[in-house]
Amino acid sequence: MPVTPEQAQWFADAFGKLVDNIDQAILGKRDRLRLVLTALLSDGHVLLEDVPGTGKTVLAKALANTIEGTHSRIQFTPDLLPSDVTGVTIWDQAKAAFVFHPGPIFASIVLADEINRASPKTQSALLEVMEEGVVTVDGEGHSVGKPFLVIATQNPVEQSGTYALPEAQLDRFLIKTSLGHPDHATAVELLMDSGNRARAAKIAPIIASEAIAQMAALTSQVHADEAVMDYVARLVTATRDDKDVALGVSMRGALALARAIRTWAIAAGRTYVVPDDVTDLAVAVLAHRIVVDPEAEFSGVTAQQVVERALASVPPPATRAA
């Protein structure tokens, strides 16, 4: 059933209130907050590539508090084991049976801090749960529930002793972005309130987790014209055909963009997708899925530039059918 204008307006109002609430803890980053919420409501996950001290933990806590959910933080280190993330079964002598003890992955909002510092084996422990929302331990599946969002971080500066995320795992993240440092006015405001060391803890819940699930269900009913989806397909093909690309955007990436633009559209109060939704999200959704040819990368070519070239070369549809 298509989304009604009334439902789209309710969604947009709720989305705006979520951004406003989280913005009390993360000042001056409303555009980034919109991206994170888009990932949450599109059943996706977020990769933040940022230096320490930009508010990643505060963001995760503030988001969890806003949606009346649970929050956990996993500090990834070289000696972290997969069971430290997913949980483990332990023999309970009183019950004469093995009992599953869930790990920190069982939370509404999970902050996977410096994910590239853990071994590939531990990194891979996230793959199943990010894709299917299920953790399998000793042959038994355990659902993490909904809503569920992984916010993984990696430090772009310190690469010593890290393990680069493989392309298959990067493809699991719907959006890659960064918070970055605040502007001057926001920095002054934060300094004036430096005595408040628990900004996220003071964020009051404004929506129930069940309502988040209802919002997420609405996104799939947003109308997307075939011309817009043709535009998405041509953009993805353009990334594969680029002369400086070793690996272009996969079909999974195209499907991720198709989901995200529906959420972006209804968050603006519309019942339909427009080409501008695609251009707004193309870099955040597609760039991290591209592998630039080593020689081109050495010459300074970036994945973001590849997406921007595709946007410049592929003409958007001129009209849409509502």
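In this report, the structure presented in the accompanying data block is examined. On a predicted model such as this, the values are computed, not experimentally measured, just so you know.

What about the environment of Ser-124?
Piece 1. Here Ser-124 lies in the loop between helix 5 (120–123) and helix 6 (125–132).
Piece 2. The partly exposed category is assigned to Ser-124, whose relative accessible area is 35%.
Piece 3. Each C-alpha atom of the pair Ser-124 and Ala-97 lies 28 Å from the other, and the pair is 27 residues apart in sequence.
Piece 4. A distance of 2.6 Å separates a polar side-chain atom of Ser-124 from the backbone oxygen of Lys-121.

Quick word on the pattern of salt bridges
As a working rule, side chains carrying opposite charge can pair if their charged atoms are close by.
Piece 1. Under the criterion given, the structure shown has 15 salt bridges.
Piece 2. A salt bridge links Asp-171 to Arg-252, with the shortest nitrogen-to-oxygen separation between them at 3.1 Å. Pair noted here: Asp-171 is in the loop between helix 7 (167–170) and strand 9 (175–177) and Arg-252 is in helix 11 (residues 251–267), with a separation of 81 residues, a long-range link.
Piece 3. With relative accessibility at 33%, the residue Arg-252 sits in the partly exposed group.
Piece 4. Put simply, Arg-309 and Asp-242 hold a salt bridge, and the shortest N to O gap is 2.7 Å. Residue Arg-309 is found in helix 14 (residues 303–313), and its partner Asp-242 is found in the loop between helix 10 (226–241) and strand 10 (245–247); the two are separated by 67 residues along the sequence.
Piece 5. For Asp-242, a relative accessible area of 14% gives the class buried.
Piece 6. Linked by salt bridges that have partners in common, Asp-242, Lys-243, Asp-244 and Arg-309 make up one network.

Describing the sheet that holds strand 1 (residues 46–49)
Piece 1. The five strands are arranged 2-5-8-1-9 in an open sheet whose pairing can be described as parallel. This sheet does not close on itself; its edge strands, each paired only once, are strand 2 (71–75) and strand 9. On average, adjacent strands in this sheet sit at an angle of 15 degrees to one another, irrespective of strand direction.
Piece 2. Across four bridges, the pairing between strand 5 (residues 109–113) and strand 8 (residues 149–154) is parallel. Bridge pairing in strand 8 links Val-110 to Val-150.
Piece 3. Helix-sheet contacts for helix 2 (residues 30–41) involve strand 1, strand 8 and strand 9, and the interaxial angle to strand 9 is about 160 degrees.

Structural notes on the packing of helix 10 against helix 14
Geometry of a packed helix pair, given as the angle between the helix axes and the separation of the axes.
Piece 1. Their axes nearest at 9 Å, the elements helix 10 and helix 14 cross at an angle of 130 degrees. Classified by the angle between their axes, helix 10 and helix 14 sit oblique to one another. In the packing of helix 10 onto helix 14, the handedness of the crossing is right-handed. Together, Tyr-231, Leu-235, Ala-238 and Thr-239 of helix 10 and Val-306, Ala-310 and Leu-311 of helix 14 make up the contact between the two elements.
Piece 2. Among the residues making up the contact of helix 10 with helix 14, the classes are represented as six nonpolar, one polar and no charged.

Points about the side chain of Ser-42
Piece 1. Note that Ser-42 resides in the loop between helix 2 and strand 1.
Piece 2. A polar side-chain atom of Ser-42 sits 2.6 Å from the main-chain carbonyl oxygen of Thr-38.
Piece 3. Other than its neighbours up to four places away in sequence, Ser-42 contacts Leu-174, Arg-259, Ala-260 and Thr-263.

Quick word on the packing of aromatic side chains
The description of an aromatic ring pair uses the distance of the two centres, along with the angle that the planes make with each other.
Piece 1. Enumeration over the complete set of coordinates arrives at three aromatic pairs.
Piece 2. Aromatic pair Phe-11 and Phe-15: ring centres 6.3 Å apart, planes at 15 degrees, arrangement stacked. Taken together, the positions of Phe-11 and Phe-15, both in helix 1 (residues 5–23) and four residues apart, correspond to about one turn of that helix. Note on accessibility: Phe-11 and Phe-15 belong to one class, buried.
Piece 3. Consider the rings of Trp-91 and Phe-98, whose centres lie 5.1 Å apart with planes at 75 degrees: the pair is edge-to-face.
Piece 4. When its relative accessible area of 47% is taken as the criterion, Trp-91 is described as partly exposed.
Piece 5. Directly above the ring of Trp-264 sits Arg-34, whose terminal nitrogen or CZ lies 5.2 Å from the centroid.

Here's the deal with helix 10
Piece 1. If you check helix 10, its first and last C-alpha atoms are 22 Å apart, about what 16 residues at 1.5 Å a residue would give, namely 22 Å.
Piece 2. Within the sequence span of helix 10, burial applies to Val-228, Tyr-231, Val-232, Leu-235, Val-236, Ala-238 and Thr-239. Viewed end-on, helix 10 has its buried residues packed into an arc of 155 degrees, placing them on one side of the element. Relative to its buried face, helix 10 has exposed residues pointing more than 90 degrees away, namely Glu-226 and Asp-241.

Parameters at a glance
Residues numbered from 1 in each chain as written. Predicted model: local features only at pLDDT ≥ 70, side-chain atom pairs only at ≥ 80, totals over all residues. Heavy atoms only, no water. Helix = DSSP H or I, 4+ residues; strand = E, 2+ residues; numbered from the N terminus. Buried < 20%, exposed > 50% of the residue type's maximum accessible area, 1.4 Å probe, protein only. Polar contact = N/O pair within 3.5 Å; in protein donor to acceptor, adjacent residues only side chain to side chain. Salt bridge = Lys/Arg side-chain N within 4 Å of Asp/Glu carboxyl O. Pairing = 2+ DSSP bridges. Axes fitted to C-alpha atoms, helices over the stretch in contact; angles between N-to-C directions. Contact = heavy atoms within 4.5 Å. Parallel < 35°, antiparallel > 145°, perpendicular 65-115°, else oblique. Left-handed = near helix turned anticlockwise from the far one by under 90°. Nonpolar A, V, L, I, M, F, W, Y, C, P; charged D, E, K, R; others polar. Phe/Tyr/Trp six-rings, centres within 6.5 Å; stacked < 30°, edge-to-face > 60°. Lys NZ or Arg CZ within 6 Å of the ring centre and 35° of its normal. Expected span 1.5 Å × (residues − 1). Arc of directions from axis to C-beta.

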